[in-house]
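# Summary of structural features
In case you want the letters, here they are:
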Amino acid sequence: MSVTIKTLEEQKKMRIAGRLAASVLDMISEHVKPGISTDKLDQICHRYIVEDLEAIPAPLNYRGFPKSICTSVNHVVCHGIPGDKKLKNGDAINIDITVIKDGFHGDTSRMFQVGNPTILSERLSRVCYEGMWLGIEQIRAGKRLGDIGAAVQRHVEKNRFSIVREYCGHGIGRGFHEDPQVLHYGKSNTGLELLEGMTLTVEPMINAGKRTVKLLSDGWTVVTKDHSLSAQWEHTILVTGSGYEVLTLGAKDR
Ligand code: MF3
Ligand code: CO
Ligand code: CO
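Position numbers for residues start from 1 in each chain and track the written sequence from start to end. Chains carry letters and ligands carry numbers; both start at the beginning, A for chains and 1 for ligands, and go up in the order they are written. pLDDT decides what is reported in this predicted model: residues at 70 or higher carry local features, side-chain atom pairs at 80 or more are listed and counted, and totals for whole chains, interfaces and linings draw on all residues regardless. Only hydrogens and water are set aside; all other atoms, that is, all heavy atoms of the structure, feed into the side-chain values.

Moving on: the overall build of the protein. Counting its regular elements, the protein contains 4 helices and 15 strands. Our radius of gyration is a C-alpha quantity, and the globule rule it is checked against amounts to 2.2 Å times the number of residues to the power 0.38. For 254 residues, the compact-globule estimate of 2.2 N^0.38 gives 18 Å, and the C-alpha radius of gyration of the protein, at 17 Å, lies within 12% of that figure. In terms of overall dimensions, the protein has C-alpha extents of about 45 × 45 × 35 Å along its principal axes. Type-normalised accessible area, obtained with a 1.4 Å probe on protein chains alone, sets the label of each residue: buried when under 20%, exposed when over 50%, and partly exposed for intermediate values. Here the protein holds 254 residues, and the buried ones make up 55% of them. Surface summary for the protein: the accessible area is close to 11400 Å², and the carbon and sulfur share equals 51%. Secondary structure elements follow DSSP: runs of H or I of four or more residues count as helices, runs of E of two or more count as strands, with numbering from the N terminus. In this description, accessible areas are obtained by the Shrake-Rupley approach with a 1.4 Å probe, and a residue is regarded as covered only by the protein chains that are shown.

The following block contains the structure:
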């Protein structure tokens, strides 16, 4: 698939989809506590997306994914499948929400610390968050994809964490995963030139240990091979002439 440029009308729809996806994370945050299962989090989000937002949870049945959200706990890198396992004090969980509204996708994820976080987990999450924002801040028409990746990589590696290579950000719109691929490492001033009206995600996954990952036999769950902690944050971004617009800001960040 080629890269799509969104018209002003399509940008409006992306803005709405993005805002709705962020509202799901705002809504679920108070439920992320010791004792709740990831299935329960899925169930609450599913109901909210379908009934309150009148939107579609994009992951459900996407290439056979069985649930409405992704829940990735501790050493799970991404695409964790909600299940009956309960969160416990000291866990860190990434909740990744994608909704479809009026034909367009909004995709965003955040880290949540369950109860009292460990120092390492908090630092890993913070460095990942900072890396995501440094990548986003590179974005404007005329810049290149490599500028995003290089900014993320510089920050993460300076802090002696590793960057997952097998999964990346992506174009987004009518499609969940459109071109281009947005790598979270690379060389500045290389790669595709960003144009006004492109919409894409920045969603670095970083590990406390080695960058190597493995896919579990369920066909979805991606874990760190050395079982070290992993963290991820994600926003959906619109490229503008003067810079960028973050479409998935939560209520607190707007
Ligand atoms: N939301 C993920 C992303 O950021 C994709 C999840 S695909 C699923 O691209 F099938 F696992 F839901
Ligand atoms: Co994404
Ligand atoms: Co996502």
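Further notes follow.
Around ligand 1 sit 14 residues, and of these P59, D96, H177, E203 and E234 come closest. The contact in question runs from a nitrogen atom of ligand 1 to an N or O atom on the side chain of T98, over 3.3 Å. A 3.5 Å cut-off defines polar contacts: any pair of N or O atoms within that distance qualifies, except that in protein one atom must be a possible hydrogen donor and the other a possible acceptor, and neighbouring residues in sequence count only when both atoms are side-chain atoms. Between ligand 1 and the protein, one listed contact pairs an oxygen atom with a side-chain N or O atom of H170 at 3.1 Å. Among the residues making up the shell around ligand 1, the classes are represented as 6 nonpolar, 4 polar and 4 charged. By convention in this text, a residue qualifies as near a molecule or strand provided that one of its non-hydrogen atoms is within 4 Å of it. Think of it as three bins: nonpolar holds Ala, Val, Leu, Ile, Met, Phe, Trp, Tyr, Cys and Pro, charged holds Asp, Glu, Lys and Arg, and polar takes everything else, Gly as well.

Every protein donor of the cobalt ion (ligand 2) is accounted for by D107 (OD), H170 (NE2), E203 (OE) and E234 (OE), and the metal-donor separations fall at 2.0 to 2.2 Å. Considering all 6 donor atoms around the cobalt ion (ligand 2), angles at the metal cover 51 to 162° and the coordination shape is irregular. Note on donors: an N, O or S atom is included if it sits within 2.8 Å of the metal, or within 3.2 Å for Na, K and Ca, and water is never included, so sites can look incomplete. In the primary structure, the donors to the cobalt ion (ligand 2) are separated according to the pattern D-x62-H-x32-E-x30-E. The distance between the cobalt ion (ligand 2) and the cobalt ion (ligand 3) comes to 3.3 Å, with D107 serving as a donor to both metals. Of this pair, E203 sits in the loop between β9 (199-202) and β10 (205-207) while E234 is found in the loop between β13 (230-232) and β14 (235-239), placing the two residues 31 residues apart along the sequence. The residues E203 and E234 share a single accessibility class, namely buried. Tetrahedral means four donors with every angle between 85 and 135 degrees, whereas square planar (four donors) and octahedral (six donors) require angles over 155 degrees between opposite donors and between 65 and 115 for all others; sites fitting neither are termed irregular.

The next point concerns the sheet that holds β13. Note on pairing: two strands pair once DSSP finds at least 2 bridges between them. On the basis of which strands lie adjacent, the open sheet formed by 3 strands has the order β6-β10-β13 and antiparallel pairing. Each of the sheet's edge strands pairs with one partner strand only, and the pair in question is β6 (162-163) and β13. Of the pairings in the sheet, the one linking β10 to β13 comprises 3 bridges and is antiparallel in character. Across the sheet, I206 pairs through a bridge with A231, a residue of β13. Contact between two residues is taken to exist if any of their heavy atoms lie within 4.5 Å; hydrogens are not considered. To get an axis, a line is fitted to the C-alpha atoms, and for a helix only the part in contact is used. The angle between two axes follows their N-to-C directions and goes from 0 to 180 degrees. Sitting on the sheet, helix α3 (residues 119-136) is in contact with β10 and β13, with an inclination near 35° to β13.

With that settled, consider the side chain of K143. Note that K143 resides in the loop between α3 and α4 (145-158). The charge count includes Lys and Arg as positive and Asp and Glu as negative, but it does not include His or the ends of the chains. The working definition used for a salt bridge is a side-chain nitrogen of Lys or Arg within 4 Å of a carboxyl oxygen of Asp or Glu. Despite its burial, K143 pairs with no opposite charge, the nearest such side chain being D147 at 4.4 Å. Engagement of the side chain of K143 in a polar contact is seen with the side chain of Q138, the distance being 2.9 Å. With sequence-adjacent residues up to four places away left out, K143 is seen in contact with Q138, L192, E193 and L194.

Let us look at the pattern of salt bridges. A full pass over the atoms with the stated rule returns 10 salt bridges. The partner of E51 in a salt bridge is R47, with the nearest N and O atoms 3.4 Å apart. Of this pair, E51 and R47 both sit in helix α2 (residues 38-52), 4 residues apart, roughly one helical turn. A salt bridge links E157 to R165, with the shortest nitrogen-to-oxygen separation between them at 3.8 Å.

Moving on, we get to the nonpolar core. Each nonpolar core is a collection of buried residues, namely Ala, Val, Leu, Ile, Met, Phe, Trp, Tyr and Cys, held together in the definition by side-chain atoms within 4.5 Å. In terms of nonpolar packing, the biggest core is built from 27 residues, with I139, L194, L200, V202 and I206 touching the most fellow members. For this core, the secondary structure elements donating two or more residues are α3, α4, β9 and β14. Looking at this core element by element, the count peaks at 6 residues for α3. Among residues more than four places away in sequence, those in contact with I206 are L124, V127, C128, V156, F161, S162, I163, L229, S230 and A231. Membership of the second largest hydrophobic core comes to 24 residues, among which are L20, L41, I69 and V73.

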